[in-house]
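# Structural description and commentary
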Amino acid sequence: MISVAVRIETECGTCRMPMPVNTLAREVGCPSCGRPTEVSDDVWQALLRDPVYDGPRMLANEGRQCSARKLSAAYTRRGPCCQGCEKEIPVASIVEVREQAMLQCDRCAKQTWVRAVPVELAGALPNITHLVGEDPDSPAMAQANAAEAATFPCPQCGSPVAFDGVNRAYTCRFCSANVHVPDDFVYRGRRKVAADWFLIFHPSIVDSAPAPQAVAAGLFDWEEPPVAAVDAEGNLYCAARQLHWVSVGTHLAREKHESVLWCIDPSMNVRWLQRGRSRAVHLVLSPKGTLLVTDRQTSVQPWLSGRTGTPIGEPARMVKESHGGLSDCDDLACDRDGSLLILDGGVLRRLSSDGAELPLWTGGAPGSVDLTEIAGGLKRLQCGTDGSIFLLCSASIVRFAADGREIYRAEFSSEPPDPRYRTFGVDRNGNAYVVRSGQLARISATGELSVVLESKRDRLPQPEMSIAVCPDGSYWLFGREGRAWRFDRDGELLFASEKESRPKKLTYQQVVERQMDAVKAKTQAEHEASERLMRERRAEAARVQRIVGIVAAIVVLGLLALLMAAAAAS
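Residues numbered from 1 in each chain as written. Predicted model: local features only at pLDDT ≥ 70, side-chain atom pairs only at ≥ 80, totals over all residues. Heavy atoms only, no water.

### Notes on the pattern of salt bridges
Rules: Salt bridges are defined as contacts in which a side-chain nitrogen from Lys or Arg sits within 4 Å of a carboxyl oxygen from Asp or Glu. Each helix is a run of H or I in the DSSP string that is no shorter than four residues. Each strand is a run of E no shorter than two, and both are numbered from the N terminus. Three exposure classes are used, based on accessible area relative to the maximum for each residue type with a 1.4 Å probe and protein chains only: buried under 20%, partly exposed in between, and exposed over 50%.
With the rule as written, the count across this model stands at 26 salt bridges. When the shortest N-O distance is used, the salt bridge between Arg115 and Glu134 registers 2.7 Å. One end of the pair, Arg115, is in strand β8 (residues 111-116); the other, Glu134, is in the loop between β9 (128-132) and α3 (138-146), and 19 residues separate them in sequence. A relative accessible area of 4% means that Glu134 is categorised as buried. Connected through salt bridges with shared partners, the residues Asp54, Glu62, Arg64, Glu258 and Arg275 form a single ionic network.

Structure, rendered in structure tokens:
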């Protein structure tokens with residue numbers, strides 16, 4: 001059975017605080033100020049149209065976003081689960097619910113509310129049978145939280161002042177001082193985050209998504225090489241731009257670029273997928289299994305879970321660009337302690353995981369260090385597992401120890417790496433890999449240079465390529481137009497996307513024809529509905545006419561009977 005998790009949030013019209021919408025209701029209470037906000041049926045229908053339509057077409061664990069009015073929603077195709085321990089809820093338990101019920105988790109004992117879709121919501125949720133994981137009564141819970149009594153210390157004498165959660169101005173009964181309760185105290189402890197709740201599709205809705213294998217799912221589809229990285233388990237993370245034709249009106253189509261972020265396991269199965277993101281500039285992995293993807297649209301970048309791709313919600317897990325340059329820098333890397341190294345115009349600096357300035361070298365003072373004179377023409381940056389720093393220049397690689405001491409400098413003898421792409425990577429043993437115009441070079445931990453791959457006729461590497469190095473020394477190469485290759489550490493080819501069966505992209509003409517067919521089908525359906533309505537009206541008129549005729553006949557017969565009775569009496 002198909003299910004889609006939705007997470008919805010808006011802004012309270014009264015206090016302007018973020019307000020989660022964890023239930024499908026016409027009125028949702030703000031957990032901060034307690035005041036209700038109305039959500040009309042047409043807004044719900046517009047907001048849930050995409051999850052309902054896209055659900056059967058999405059891959060497992062694929063996430064997308066949509067919005068309607070002031071509501072924004074993130075939706076992911078995955079099975080319903082307990083919000084306490086994330087244990088999957090059996091489908092059999094859900095389909096047994098006829099109206100509504102609370103299902104208790106046998107692992108953590110947390111209860112999950114399940115209800116069948118009410119009749120009045122069936123129009124907005126076609127093919128959906130149940131709603132799972134909503135707040136049972138959001139407005140009532142918010143009002144209850146707002147009415148909870150608390151005490152606030154008088155700023156003048158320190159005596160406790162009773163606070164009922166609603167009024168903001170009080171008079172201290174001990175010193176008669178006027179007390180105004182600040183926002184921080186009003187909202188403290190009453191924050192509530194948006195949580196997933198689930199749409200359960202009818203069993204007749206079949207899975208129309210492609211196979212979960214990455215190539216068959218159409219993930220290897222990009223114009224330029226993606227931004228990519230590989231974690232310690234061999235999972236590949238990619239941020240790419242895809243190009244598709246989309247319909248514009250009835251007889252036209254246009255090209256549309258879509259940014260996607262996804263992760264696949266070593267067996268090429270999709271772990272998670274997100275569409276509709278901003279275009280990624282940098283992608284780095286931390287030793288803690290988190291992921292940072294920067295773009296030029298936002299100044300605060302959240303750390304993502306490597307397991308699910310979703311933001312890690314704690315404020316400490318946000319990187320604030322208070323110093324600027326996180327997205328516009330030349331390169332970005334994550335060190336073994338989780339700190340970030342930023343390379344920009346020959347200047348290297350270190351930030352904590354939340355963006356605070358740190359010393360670049362062990363035992364040094366906070367601040368940036370200009371390495372232009374030491375290693376001119378800096379292009380790329382990598383961190384080693386031992387805390388060393390690798391810098392790629394136009395014609396050399398320089399490796400520094402954690403304390404700033406230079407370990408080696410390896411010179412190149414051929415054309416420099418292409419600065420447009422990520423052509424530099426390091427494995428767990430300290431070997432560095434560099435893609436040049438016709439060679440893939442490996443520099444050992446002590447600075448010896450060797451050639452791993454060398455281009456000859458129709459061989460790799462080729463111009464305009466990027467690389468993602470695995471910890472064990474194997475590596476991925478990415479070319480243009482969705483081409484990707486995976487090699488073991490000795491240069492033996494393990495995978496080539498061009499040899500796999502990939503879904504064909506729709507052409508301009510096909511998109512236009514599909515749109516015209518859809519318009520024709522809609523027109524035909526409307527025509528058939530109109531004819532059906534006319535037939536029903538005619539049938540209803542004939543039925544009414546028959547009833548009127550029967551009533552008239554009865555009346556006439558009654559009158560005749562009365563006349564006959566009167567004649568017999570006379």
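### Examining the environment of Gly482
Rules: Between two residues, a contact is recorded if the distance between any of their heavy atoms is within 4.5 Å.
Mapped onto the elements, Gly482 comes out in the loop between β37 (475-478) and β38 (484-487). C-alpha of Gly482 to C-alpha of Ala240: the two residues are 242 residues apart in sequence and 9.6 Å apart in space. Non-local contacts of Gly482, meaning those with residues more than four positions away in its chain, are made with Phe220, Asp221, Trp222, Ser497 and Arg502.

### Quick word on helix α1 (residues 41-54)
Using the following cut-off: A helix is expected to span 1.5 Å multiplied by its residue count minus one. At every residue, the bend is computed as the angle between two fitted axes, covering the seven residues ending there and the seven beginning there respectively.
The end-to-end C-alpha separation of α1 is 20 Å, in line with the 20 Å expected for 14 residues at 1.5 Å each. The principal kink in α1, of about 40°, is found at Leu48, preceding the proline Pro51 by one to four residues. Taken residue by residue, α1 has Val43, Trp44, Leu47, Leu48, Pro51, Val52 and Asp54 as its buried positions. Residues of α1 that are buried sit in contact with β1 (3-11), β5 (62-68), β6 (71-77), β9 and β14 (197-201).

### Things to note about the nonpolar core
Stated formally: By convention a nonpolar core is built from buried Ala, Val, Leu, Ile, Met, Phe, Trp, Tyr and Cys residues, the set being connected through side-chain atoms within 4.5 Å.
With 27 residues, the main nonpolar core has Ile8, Trp44 and Leu125 as its most contacted residues. With five residues, α1 is the largest single contributor of residues to this core. Those residues within four positions of Trp44 in sequence are excluded, and the remaining contacts are Ile8, Val21, Thr23, Leu24, Ala25, Val39 and Trp197. Counting residues in each nonpolar core, the second largest holds 25 residues, with Leu219, Cys238, Leu273 and Trp476 among its members.

### Notes on the pairing of strand β20 (residues 290-295)
Operational definition: Strands are treated as partners if at least two bridges between them are detected by DSSP.
Most of β20 is tucked away, with six of its six residues classed as buried. Alternating residues of β20 divide into Thr290, Leu292 and Thr294 and Leu291, Val293 and Asp295, and every residue in both groups is buried. Inspection of the sheet shows strand β19 (residues 280-285) paired to β20 by five bridges, in the antiparallel sense. Its bridge partner lying in β20, Val284 is registered against Leu292. The antiparallel hairpin formed by β19 and β20 contains four residues in its connecting segment, where Gly289 sits at a positive phi of about 80°. Two elements, β20 and strand β21 (residues 300-305), share three bridges in a ladder whose sense is antiparallel. If you follow Leu291 over to β21, its bridge partner there is Leu304.

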